[in-house]
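# A look at the structure
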Amino acid sequence: AAAVGRPDFFIFGEVYSSNVSLLSHYPTQTGMSAVLDFGFQERVRNYVANGGAATELQALFANDDYYTDADSNAYSLPTFLGNHDMGRIGYFLKNADPERSDADLLARSRLAHALMAFSRGVPVVYYGDEQGFVGDGGDKDARQDMFPSQVATYNDDDLIGTDATTADDNFDPTHPLYASIADYTALRDAHKALRTGAQIERYSSDQAGIYAFSR
């Protein structure tokens, strides 16, 4: 990258931990630009899927100074909701309460993606989440095909927000999650404050409930 005039090429690593003290070591004490924000993933998952206290989110962001030095800060952390190793946000939502309706699952997934789109950090959407993919948990069970799949353990999934299955072609720009994420992305692109503006905590309940911040 430096050879073609990009000495500030952004690169991030994966440290499988939600411990801020450990995660912050790498961008502040090594040459790594950032690490995946497993702390964000854990707390948003607990808030949206399990009805966790909003103060857990407030406490996470209150520790952002751990990531601050001359060339790094928490605003550069890639934030995410699930991945190929741990499972998808759709899986966490369903697993927390198998009796949830599709409308409830869709609303909770939209909320999780909105939190990722509008809070500090660099949002990373795991492919297929915009098509309501669910999966059966962790490694290998969260790697569904976007093309029509022939994997039985994928094709028996009840996808969120659609009657399609992974046996179908899943490149649907009319899927409600795709449309919501596209709206969030357009809003983020249109307002610099949502990309780089300071995040100011406004309110957080100490139980399942409201979490508010401004940018």
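Structure shown above.
In what follows, the accompanying structure is described. Worth saying up front: this structure is predicted, and the values here are computed from it rather than measured.

## Considerations on the overall build of the protein chain
Scanning the protein chain from N- to C-terminus turns up 9 helices and 6 strands. By the compact-globule yardstick of 17 Å for 215 residues, the protein chain fits well, its C-alpha radius of gyration being 18 Å. With the principal axes as the frame, the protein chain shows a C-alpha extent of 50 × 50 × 35 Å. When the 215 residues of the protein chain are sorted by exposure, 42% land in the buried category. Intrachain contacts of the protein chain at a sequence separation of at least 6 include 61% that bridge at least 24 residues. Surface exposure of the protein chain reaches about 10700 Å², of which carbon and sulfur atoms provide 52%.

## Some words on the packing of helix 6 (residues 102–118) against helix 8 (residues 176–190)
Running from N to C, helix 6 and helix 8 cross one another at 20°; their axes reach a closest spacing of 10 Å. Between helix 6 and helix 8, the interaxial angle falls into the category roughly parallel. In this structure, helix 6 meets helix 8 at a crossing whose hand is right-handed. Contacts between helix 6 and helix 8 involve L106, S109, R110, H113, A114, A117 and F118 from the first element and P176, L177, S180, I181, Y184, L187 and R188 from the second. The residue inventory of the contact of helix 6 with helix 8, partitioned by class, reads 9 nonpolar, 3 polar and 2 charged.

## Quick word on the packing of aromatic side chains
This structure, assessed with the given rule, holds 10 aromatic pairs. Relative to Y211, the ring of F61 has its centre 6.4 Å away and its plane inclined at 20°; by these criteria the two rings are stacked. Placement of the pair is F61 in helix 4 (residues 55–62) and Y211 in strand 6 (residues 211–214), with a sequence separation of 150 residues. Accessibility assignment for this pair places F61 and Y211 in one class, buried. The structure contains a cluster of three or more aromatic residues connected by ring pairs, namely F40, F61, Y211 and F213.

## Details of the pattern of salt bridges
Here the idea is simple: oppositely charged side chains can pair when their charged atoms come close. Enumeration over the complete set of coordinates arrives at 10 salt bridges. Among the salt bridges present, the one from D8 reaches R6, with a minimum N-O distance of 3.4 Å. Of the residues examined, D8 reaches a relative accessible area of 54% and is grouped as exposed. Given the relative accessible area of 45%, R6 is considered partly exposed. D158 is the partner of K94 in a salt bridge, and the nearest nitrogen-oxygen pair spans 3.5 Å. Of this pair, K94 sits in helix 5 (residues 89–96) while D158 sits in the loop between helix 7 (152–155) and helix 8, and the two are 64 residues apart along the sequence.

Each value, and the rule that gives it
- Residues numbered from 1 in each chain as written.
- Predicted model: local features only at pLDDT ≥ 70, side-chain atom pairs only at ≥ 80, totals over all residues.
- Heavy atoms only, no water.
- Helix = DSSP H or I, 4+ residues; strand = E, 2+ residues; numbered from the N terminus.
- Rg over C-alpha atoms; globule rule 2.2 N^0.38 Å.
- Buried < 20%, exposed > 50% of the residue type's maximum accessible area, 1.4 Å probe, protein only.
- Contact = heavy atoms within 4.5 Å.
- Areas by Shrake-Rupley, 256 points an atom, 1.4 Å probe, with all protein chains shown as cover.
- Axes fitted to C-alpha atoms, helices over the stretch in contact; angles between N-to-C directions.
- Parallel < 35°, antiparallel > 145°, perpendicular 65-115°, else oblique.
- Left-handed = near helix turned anticlockwise from the far one by under 90°.
- Nonpolar A, V, L, I, M, F, W, Y, C, P; charged D, E, K, R; others polar.
- Phe/Tyr/Trp six-rings, centres within 6.5 Å; stacked < 30°, edge-to-face > 60°.
- Salt bridge = Lys/Arg side-chain N within 4 Å of Asp/Glu carboxyl O.

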